[in-house]
Amino acid sequence: MKDAARTLQRRVLEHIRTAQLWDEGQSVLVAVSGGVDSTVLLHLLHRTQGAHGGRLRVVTVDHGLREASSVEADGVVKLSEALGLSCDRVRLELAPGPNLAERARDARRSVLLGFQTDRIATGHHEGDQAETVLYHLLRGSGMRGLKGMQAQSGAWVRPLLREPRAVLEAWARSEGIDWVEDPSNANSQRGRIREILPVLDELHGGANRALARSSRLLAREDEYLSSHVDEAWGAVAIDGGLDRAALMALHPAIQLRLLRRLIGDVRVRADPLEVVVAGALMHSGQLDLGYGYCLVCRDGVLGVKKP
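Residues numbered from 1 in each chain as written. Predicted model: local features only at pLDDT ≥ 70, side-chain atom pairs only at ≥ 80, totals over all residues. Heavy atoms only, no water.

Trainee: Teacher, can you tell me more about the environment of Val180 here?
Mentor: Assignment of secondary structure puts Val180 in the loop between α9 (165–174) and α10 (189–203). C-alpha separation for the pair Val180 and Ser33, spaced 147 residues apart in sequence, amounts to 8.6 Å. The residues touching Val180, leaving out its near neighbours within four places in the chain, are Gly34, Gly35, Val36 and Glu72. (Helix = DSSP H or I, 4+ residues; strand = E, 2+ residues; numbered from the N terminus. Contact = heavy atoms within 4.5 Å.)

Here is the structure:
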């Protein structure tokens, strides 16, 4: 870990360049919570700014769910000022209740996307990628879920995605950098999944790295399949829907992706879509997708009925 920590700065800079996470002169909003991953990311990007050329700006989101969160946000502001960087501090007022972790994540993403910037850099690391893959596996996700996070996805960039958390901690200690731990992480669903990873590591050494590698392989295959979906869409799209007979002539994997595209951003399970691939709604009828949405077949054309 010490050897890997010594070369961390060089590896991260090479990753930014080879993956072309941003161009020189583009604005990069660095999301910092005060945890080890985002704190290390901020220091690394600040130290290598002359080489990667991004214009750095910091934002910290105080979820307001713990008394200490305000103090932690103060710490991020002070660190940013010490580095000579501007820092925006945003406080959320989330109501207690179910799905709090998911609602907090969605609210945080919404805040970050509200800033005028070219890129949003987060401190997600290899362990986060492994947790994401396991999370989607437990949900029964397909390739799109199991490919996990990407180094770049739209405005989002993740320069530390291939680095283990242990390396980040070792680098922070060697540089005398302090960070805070969020105790609420352990009680979240992701936190419980994190508890499983050491057990998997005992069964098969390097579980985090293996899961992260699988996600990269699946991402390439997903990109390949997506290119075929683009071709197939033009052949089956009709009257704002999909030609049912033409759809059935395609490979089931392509059918599922075309149905996903037809539905759009609605989060539905794969189960009803697999029923369609198996032969349901051949001529007429409708299928409940949840959230008030239905997949409808009329005159041999599949469409979506919205709430």
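Trainee: Just checking my understanding: could you explain helix α11 (residues 207–236) for this structure?
Mentor: Because each turn of an α-helix spans 3.6 residues, side chains separated by three or four positions end up pointing in the same direction. Along its 30 residues, α11 runs 41 Å from first to last C-alpha, staying within 8% of the 44 Å computed at 1.5 Å per residue. If you check which residues of α11 are buried, you get Ala207, Ala210, Leu211, Ala212, Ser215, Ala219, Asp222, Leu225, Ser226, Val229, Ala232 and Val236. (Expected span 1.5 Å × (residues − 1). Buried < 20%, exposed > 50% of the residue type's maximum accessible area, 1.4 Å probe, protein only.)

Trainee: Hey, could you run me through unusual backbone geometry in this one?
Mentor: Backbone phi values are negative for most residues with the exception of glycine, while trans is the configuration of most peptide bonds. In this structure, Tyr291 is a non-glycine residue whose phi angle is positive, near 60°. One can find Tyr291 in the loop between β9 (285–290) and β10 (293–298). The exposed category is assigned to Tyr291, whose relative accessible area is 64%. One non-glycine residue with positive phi stands out, namely Asp299, at about 55°. Its location among the elements puts Asp299 in the loop between β10 and β11 (301–305). Accessibility expressed as a relative area gives 79% for Asp299, which makes it exposed.

Trainee: Looking at this structure, I do not really get the sheet that holds strand β8 (residues 241–243). What am I missing?
Mentor: Each strand in a sheet pairs with another by means of backbone hydrogen bonds, the pair being arranged parallel or else antiparallel. Judged by pairing direction, the sheet is antiparallel, and its five strands sit side by side in the order β7-β8-β11-β10-β9 without closing on themselves. If you trace the sheet from one side to the other, it starts and ends with β7 (237–238) and β9, each paired once. Bridge count between β8 and β11: two bridges; the pairing is antiparallel. By the bridge assignment for β11, Asp243 is matched with Val301. Relative to the sheet, helix α14 (residues 270–277) contacts β9, β10 and β11, its axis offset from that of β9 by approximately 155°. (Pairing = 2+ DSSP bridges. Axes fitted to C-alpha atoms, helices over the stretch in contact; angles between N-to-C directions.)

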